[in-house]
Amino acid sequence: MTPPIVRFAPSPTGRIHIGNARVALFNHLFAATHLGRFILRFDDTDFSRSTAEFAQGIEIDLAWLGIVPHETFRQSQRVSLYEAAAARLRNEGRLYPCYETQEELEKRRKMQQARGLPPVYDRSALRLSDAERAALESEGRRPHWRFRLEPGVVAWDDLIRGPAHIDCAALSDPVLIRADGSFLYTLPSVADDIDMKITHVIRGEDHVTNTAVQLQLFAALAPDASPPVFAHHNLLIGASGEGLSKRTGSLSIASLRDDGYEAMAVAALATLTGSSDNVHAVRSLKELGESFDLAHVSRNPARFDPDDLATLTHRTLALFHFEDVRERLAALDIVGHKAEPLWRAARGNLSTFDAIFKWWRVVEGEIDAIREDPAFLKEAAQLLPAEPWDETTWSAWTSDVKTATGRKGKGLFHPLRLALTGEESGPELAALLPLMGRAKTMARLGD
Ligand code: GLU
């Protein structure tokens, strides 16, 4: 396959949520596995709702997930390209001015419905004479512009849904340009896809109808080129069937990050839900890419449970090698020769990454030791061997304590754990003990 060029085209009208991340990840993983390019393209032609802050936030969220675009574009800076496309459509009689107000359109729709007709725009604006148009303009009306659809069925081979088709007779001619001259998303998207030589449009199935319209636009604007391949994937829905909304901030990537979930856990859940691959923890996007295949995406809604993020985060952390987290540990001041063995000892016991700090304090700082049976702990302290210590020290020491005190099992180990770590449970003490060292151990045993 020639290297694909894909794009992720969010409108910066809010922060992205896990459902938007799914689209971004599908595109990134598809491009990465085929050695292609990933373009980030902000759909920011809606000036009233798009902000630079949201755009910046989206870049931060993508970077956190591990997605670094090859190129970034803003549609607001490319309007001349869309003007040129619009001029071409006007010349060819495919773009026509309409003067109806929202209220007039609404009234017409109601009448159509009352007569049992489909609520499709009746094209009355196409029949206006020059004089009628001039009269409307002199009333102060400014036109919006509709694309005249060709009648007939538009068909394509969807990479996920298989053969797909839409009968355009059932669609209203779409408005491409608002009365204030600004562009809706439909035309800029196609003009850019042509200009950027996009090979694959991978997006949610809420865009299937747009695809029919946009394929007509591709044919009108680039009749000699073949249009991109389309792949429409199922949408993530919450456990009780609700859709996700960018505006409510529900399950935004930023909030999941703040809650301490791991990026790779979010990525795995966002990508693998609703596919024939089981949702499982991964170390990297590269590894996730190995399980990712558009052909495995189901056609049913992708129901996911945000509670799974906790388990996935725990499992993801357990997979990380020291190299994967060295910098993040350093940011917590977890450095030096104990950092790596501590990570290996504790990574399987973490609910969030920051929880590693508790275990760092156990080996390197101060804790509140819990001494439930001081006499026993003192006796155990007397039996501590001399340093150097290694991973065999714990079992040698506790077997001496067992012989001397007659204790075994929980009665032997639990009071030692409470005294040495201040916690009911945690990583293997055999691994922690040599990192704590003899002086700290003695002190915590109360000696
Ligand atoms: N801004 C659109 C969206 O976020 C882009 C759709 C597309 O990929 O063409 O849904």
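Scroll up to find the structure this text is about.
Owing to the predicted nature of the structure, the values given are computational and were not obtained by experimental measurement. (Residues numbered from 1 in each chain as written. Predicted model: local features only at pLDDT ≥ 70, side-chain atom pairs only at ≥ 80, totals over all residues. Heavy atoms only, no water.)

(A) Expanded view of the nonpolar core. Core analysis: the largest hydrophobic core is formed by 87 residues, its most contacted members being Trp-343, Trp-397 and Leu-445. If we skip the residues at most four places from it in the chain, Leu-445 touches Arg-371, Leu-377, Lys-378, Ala-381, Leu-384, Trp-397, Leu-416, Ala-419 and Leu-420. Core analysis: the second largest hydrophobic core is formed by 34 residues, Ala-86, Trp-145, Trp-156 and Ile-166 among them. (Core = buried A, V, L, I, M, F, W, Y, C linked by side-chain atoms within 4.5 Å. Buried < 20%, exposed > 50% of the residue type's maximum accessible area, 1.4 Å probe, protein only. Contact = heavy atoms within 4.5 Å.)

(B) View of helix α16 (residues 393-405). The terminal C-alpha atoms of α16, which comprises 13 residues, lie 18 Å apart, in line with the 18 Å expected from a rise of 1.5 Å per residue. Within the span of α16, buried status applies to Thr-393, Trp-394, Trp-397, Thr-398 and Val-401. When α16 is viewed along its axis, its buried side chains cluster within an angular range of 110 degrees and face the same direction. Against α15 (374-382), α17 (409-421) and α18 (429-444) lie the buried residues of α16. One or two residues past the end of α16 sits Gly-406, with phi positive at roughly 75 degrees. (Helix = DSSP H or I, 4+ residues; strand = E, 2+ residues; numbered from the N terminus. Expected span 1.5 Å × (residues − 1). Arc of directions from axis to C-beta.)

(C) Inspection of the sheet that holds strand β8 (residues 175-177) at higher detail. The three strands are arranged β4-β5-β8 in an open sheet whose pairing can be described as antiparallel. Both outer strands of the open sheet, β4 (95-98) and β8, are each paired with one neighbouring strand and no more. The sheet shows a mean angle of 45 degrees between the axes of neighbouring strands, taken without regard to direction. By the bridge criterion, four bridges tie β4 to strand β5 (residues 144-147) in an arrangement that is antiparallel. Bridge assignment links Leu-95 to a residue of β5, and that residue is Phe-147. (Pairing = 2+ DSSP bridges. Axes fitted to C-alpha atoms, helices over the stretch in contact; angles between N-to-C directions.)

(D) The site of the ligand, seen in detail. Around the ligand, the surrounding shell consists of Arg-7, Ala-9, Ser-11, Asp-43, Tyr-185, Ser-189, Arg-203 and His-207. Separating a nitrogen atom of the ligand from a backbone N or O atom of Ala-9 is a distance of 2.7 Å. Contact between the ligand and Arg-203: an oxygen atom at 2.8 Å from a side-chain N or O atom of the residue. Protein burial of the ligand: of its 290 Å² of free accessible surface, 79% is covered by the chains. A per-class count over the shell around the ligand returns two nonpolar, three polar and three charged. (Near = heavy atom within 4 Å. Polar contact = N/O pair within 3.5 Å; in protein donor to acceptor, adjacent residues only side chain to side chain. Areas by Shrake-Rupley, 256 points an atom, 1.4 Å probe, with all protein chains shown as cover. Nonpolar A, V, L, I, M, F, W, Y, C, P; charged D, E, K, R; others polar.)

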